[in-house]
Amino acid sequence: MSSTDIMAERTTAVAETIARIRAIEAAQGVTRPALTAIRTEMLALAAHEALFSSADFPPPPPGEKGAQRYLLSEDQDGRFAMYLNALNPGNETRPHDHTTWAVVVAVDGQELNRVYSRTDDGAIPGRAILRLREEIMVEPSRGIALMPDDIHSIHTTGDRPTRHLHMYGLALEKLDHRVGYDMQAETVKPYNAAYLQPLAKPPAGR
Ligand SMILES: [Fe+2]
C-alpha cells in the first residue's frame, strides 16, 4: 500500500473510532463501563499496526528522554483528542491526574502503569499520601482506562520504543488544575503542561 493510501486509511479508521467513542460517551456519560467500551474501540484501532508504523511515527532519537507526541485528531473545541505517543525505554512520570478521562492502548512496546489511591483527606494544603493500588502493563492488546480523578504514573520498562495511542476527553493543552505527586516527600503540586509538551508536529503529509 502506498503511503497516501495508508494515510487515507488511517484518517478514516481514526475518524470512525472517534465517532463510536463520541456515541459511547453521549449514551453513557463518563463512567467506568463507558471507558471500558471506549478501551475496546481503541484496542481494535491499535491492532491495525500498519496504520501506525515506526516509519510514520518515529520515536525520539535513541537514548533521548521525553515523548514524541503526534496529534491524530481533535475536535474544534479540544474534545476527543487522540495522540500517538512514542517513547524510548527508560522514561517515567511522577504520579499525576488528568482532570479528563483517558484511555491508552499499545500498538507496540510496553509501558508499566501504576495506579494509586490517595489516602489522606486533603486537609493540609500541599500534602498528599498515595498508596499503590494496581499495576497494569500497557502492551499490544492490553490497555488502561482512567477516570478524570484517577492517579497514575508511567514507566517505559521494555527494551524497545513504545508507540501508544492516547485518547483524552479533552486535549492535553486545554487541561487546567492537574496535579502531580511526590510519593517520597508526600507532596502534591500543579502538574503543568511542561511535563508533557508536544515535541512533535502531526506527521506532515502522511
Ligand atoms: Fe498520564
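For the structure, check the block above.
Computed from a prediction, not measured in an experiment: that's the story for all the values here. (Residues numbered from 1 in each chain as written. Predicted model: local features only at pLDDT ≥ 70, side-chain atom pairs only at ≥ 80, totals over all residues. Heavy atoms only, no water.)

> So what exactly am I meant to see when it comes to the pairing of strand β9 (residues 179-182) here?
It is a general feature of regular strands that their side chains alternate between the two faces of the sheet. Bridge count between β9 and strand β10 (residues 187-190): four bridges; the pairing is antiparallel. Bridge pairing in β10 places D182 opposite T187. (Pairing = 2+ DSSP bridges. Helix = DSSP H or I, 4+ residues; strand = E, 2+ residues; numbered from the N terminus.)

> Could you clarify how one ought to interpret the coordination of the iron ion in this entry?
Six octahedral donors around a metal ideally sit at 90 or 180 degrees from one another, while four tetrahedral donors ideally sit at 109.5 degrees. Listed as protein donors to the iron ion are H96 (NE2), H98 (NE2) and H152 (NE2); their distances from the metal cover 2.1 Å. Of note, the iron ion draws all its donor residues from one chain, in the sequence arrangement H-x1-H-x53-H. When sorted by exposure, H96 lands in the same class as H98, which is buried. (Donors = N, O, S within 2.8 Å, 3.2 Å for Na, K, Ca; no water. Buried < 20%, exposed > 50% of the residue type's maximum accessible area, 1.4 Å probe, protein only.)

> Would you take a moment to explain the sheet that holds strand β3 (residues 102-108) for this structure?
Hydrogen bonds along the backbone pair up the strands of a sheet, which may run parallel or antiparallel. What the five strands build is an open sheet, ordered β1-β2-β8-β3-β6; its pairing is antiparallel. A strand with exactly one partner marks an edge of an open sheet, and here the two such strands are β1 (67-73) and β6 (144-146). Strand after strand, the sheet turns through a mean of 25° between neighbouring axes, direction not considered. Pairing between β3 and strand β8 (residues 162-170): six bridges, direction antiparallel. Across the sheet, A102 pairs through a bridge with Y168, a residue of β8. Here helix α1 (residues 3-28) sits on the sheet in contact with β1, β2 (79-87) and β8, set at roughly 130° to β2. Strand contacts of helix α2 (residues 32-46): β2, β3, β6 and β8, with the helix running at about 20° to β3, the strand carrying the most contacts. (Axes fitted to C-alpha atoms, helices over the stretch in contact; angles between N-to-C directions. Contact = heavy atoms within 4.5 Å.)

> Just to check I follow, could you spell out the pattern of salt bridges for this structure?
Pairing is possible between side chains of opposite charge, provided their charged atoms come close. The final tally for this structure, using the stated rule, is 14 salt bridges. A salt bridge links R160 to D108; the shortest N-O distance between them is 2.7 Å. Within this pair, whereas R160 is found in the loop between β7 (151-155) and β8, its partner D108 is found in strand β3, the two being separated by 52 residues in sequence. Given the relative accessible area of 43%, R160 is considered partly exposed. Linking D108 and R163 is a salt bridge whose minimum nitrogen-to-oxygen distance equals 3.8 Å. Placement of D108 in strand β3 and of R163 in strand β8 is noted, with a sequence separation of 55 residues between them. Neither residue differs from the other here; D108 and R163 are each classed as buried. Here the residues in one salt-bridge network are E49, D108, R160 and R163, joined through shared partners. (Salt bridge = Lys/Arg side-chain N within 4 Å of Asp/Glu carboxyl O.)

> What exactly am I supposed to notice about the packing of aromatic side chains here?
Centre distance and the angle of the planes are the two values used to describe a pair of aromatic rings. Inspection of every chain in the model, using the stated rule, returns four aromatic pairs. Seen from their ring centres, F52 and F57 are 6.3 Å apart, and the 40° between their planes marks the pair as tilted. The buried category is assigned to F52, whose relative accessible area is 0%. Ring-pair connections join several aromatic residues into one group, and the members of that group are F52, F57 and Y70. When the ring centre of Y83 is taken as origin, the NZ or CZ atom of R69, which lies over that ring, is 4.6 Å away. The cationic tip of R79 hangs over the ring face of F80; the distance from NZ or CZ to the ring centre is 4.3 Å. (Phe/Tyr/Trp six-rings, centres within 6.5 Å; stacked < 30°, edge-to-face > 60°. Lys NZ or Arg CZ within 6 Å of the ring centre and 35° of its normal.)

The values are spatial; any link to function lies outside them.
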